[in-house]
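Each chain is listed here by its residues.
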Amino acid sequence: TAPTTAATTASGGATTAPTTAAATTAPAAATTGSASVAPTAAPVSATGTPVAGLATTTSGTLATSAPTVAAPSPTPKTAKNANAIKLNWWHAMGGVNGEAVSNLVNQYNDSQPDIFVQDIYQGSYDDILTKFRNGLQSKSLPNLMQVYDIGVRFMVDSKAVEPMQNFINQDKFDLSQFEPALLNYFTVEKVQYGMPFNNSNPILYYNKNMFKEAGLNPDQPPRTWDEVAAAAGKLTKKDASGKVTQPGIVIAIYSWLFEQWHATQNAVLATPDNGRSGRATKLVYNETAGVKVTDWWKGMIDSGVCGNLGRNSSDTQKAFIAGQIPMTIDSTAGVRGVVNGVGTKFEVGTGYMPRPAATVDGGGVIIGGASNYILKDKPDAEKMAAWKFVQWLSQPKQQAFWHINTGYFPVRKDAYDLPEVKANNEKYPQFATAVAQLHDSPVNPATSGAAFGVFLQTRQDIENALEEIILGKSKAKDALDKAAASSNNALQQYNASVK
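Just so it is clear, the model here is predicted, and its values are computed rather than measured. (Residues numbered from 1 in each chain as written. Predicted model: local features only at pLDDT ≥ 70, side-chain atom pairs only at ≥ 80, totals over all residues. Heavy atoms only, no water.)

## Considerations on the nonpolar core
The tendency in soluble globular proteins is for nonpolar side chains to be buried side by side.
(1) Moving on: Core analysis: the biggest nonpolar cluster contains 140 residues, and F132, W261, W297 and M327 have the highest contact counts within it.
(2) Moving on: Ranked by residues supplied to this core, first place goes to helix α18 (residues 476-497) with 8 residues.
(3) Moving on: Here W297 is in contact with I251, A252, I253, Y254, W261, C306, L466 and I470, once residues within four sequence places are set aside. (Core = buried A, V, L, I, M, F, W, Y, C linked by side-chain atoms within 4.5 Å. Buried < 20%, exposed > 50% of the residue type's maximum accessible area, 1.4 Å probe, protein only. Helix = DSSP H or I, 4+ residues; strand = E, 2+ residues; numbered from the N terminus. Contact = heavy atoms within 4.5 Å.)

## Quick look at the packing of aromatic side chains
(1) Moving on: Tallying each qualifying case throughout the model produces 23 aromatic pairs.
(2) Moving on: Each ring, one from W89 and one from F197, has its centre 5.6 Å from the other, and the planes form 75 degrees; the classification is edge-to-face. Remark: F197 occurs in strand β9 (residues 195-200) and W89 occurs in strand β3 (residues 85-91); sequence separation between them is 108 residues. Just as W89 is buried, F197 falls in that class too.
(3) Moving on: Here a set of aromatic residues connected by ring pairs shows up, and it is made of W89, Y108, F197, F389, W392, W402 and Y408.
(4) Moving on: In this structure, R276 is placed above the aromatic ring of Y185, and the distance from its NZ or CZ to the ring centre is 4.7 Å.
(5) Moving on: Over the aromatic face of F431 sits the side chain of R336, whose NZ or CZ is 5.5 Å from the ring centroid. (Phe/Tyr/Trp six-rings, centres within 6.5 Å; stacked < 30°, edge-to-face > 60°. Lys NZ or Arg CZ within 6 Å of the ring centre and 35° of its normal.)

## Some details on the environment of R153
(1) Moving on: Along the polypeptide, R153 turns up in helix α3 (residues 152-158).
(2) Moving on: Take R153: its relative accessible area is 5%, and that puts it in the buried class.
(3) Moving on: Distance in space between the C-alpha atoms of R153 and A451 is 5.3 Å, their sequence separation being 298 residues.
(4) Moving on: Those residues in contact with R153, other than ones at most four positions away along the chain, are V188, E189, G275, R279, A451, F452, G453 and Y494.

## Let's talk about the side chain of Q398
(1) Moving on: Position of Q398 among the secondary structure elements: in helix α13 (residues 396-406).
(2) Moving on: What Q398 contacts, discounting residues up to four positions off in sequence, is L104, W392 and L393.

Structure below.
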């Protein structure tokens, strides 16, 4: 996932523009700063030339969470009870999502007198990790912090986290209602380190009105790569000179999507077992599965049915909301923002993440988003207080509130039984696709997502390769091999630094 002040996607977080390379040493020695955002590429067609009529915004973001809710009262700086145990919670939820965080904290503080939680917004997910690294040196860490999906191995290697598994085992905490895929992502070598909090997955968004105009069934979204390419061909429009004015689909040059397409093929990004059964020692995204993804994608680019708006998927999302493109792929966390943004202009359809026909019934997707971690170097009383708060956050009522006001999945299945969630899902039926896809995805190393310590740099390497391929500057295998060599060099340095 990426900065949560940008449009929500990926990984349940926000769309990312390219990030700077991550540190290639273990957490305690890492000193890199937060990610920088590269300029958004101007919209171009399959051939790399500007597409008439498409948005050309190169800055700004698009809110994709729920309609703005009433701003909660600011969390007081001091507890009403002077003897309450005081906890600091670092998070990366800005805008409407940040308001929902503060609202939940206020609810908790008002519900009991013994624990007082102060939520502290720290900027992007990358900013939080930077401050975490610095805090390891200065011993100035919070009690609880929200860390995105790709940071799980880094948090484990920091040795600064009290595994959530310890509290779960101690209290025999019931996890039977939790979504298995979410628990699995934040579990490394059979130990659960984080408690899922805000999570999502990728889906196909399509314009049902444009489907009807093109003679396509608006209630039957394309499911396979071949079906997507065929539908995109029918949806593509050209002017009298043959120039593309409306590509059938636009896909952001975003590593998270590339990673997802590995999972739909039941292929891992790293060995062994995506870093789940033991430390990841090699990145293999340049092998058959990765080449298949780029061959399909570049094939649509070359045939003129797929457009390119650069790396920032918020620009692609804006173009979809404006009715300029018929199909795109984005996070389920954006459902409310997309539907509300479209309004009455057209009907929004959603479908499963497209995949190869060979794995249409067997592959799955990876969850995105973040979990909460309890920091180890704190008094036992504070750690137990943080655990109580984490348990409270994960209860159905709180998860329903979070889901309704942000668009992220409830982390537990029984939240869907609550009347407010049922009413919300009637208002946003498109979200049913996200839930069904989550439940249909098998839990295996591929869908668990990769866990290794240099994921930020790897995403930069992958996006550089994808850009070279899409723009025709390099052949797929060559670009992916070069990227994997860079990623593996960083991984080796990182692993060598872990004590």
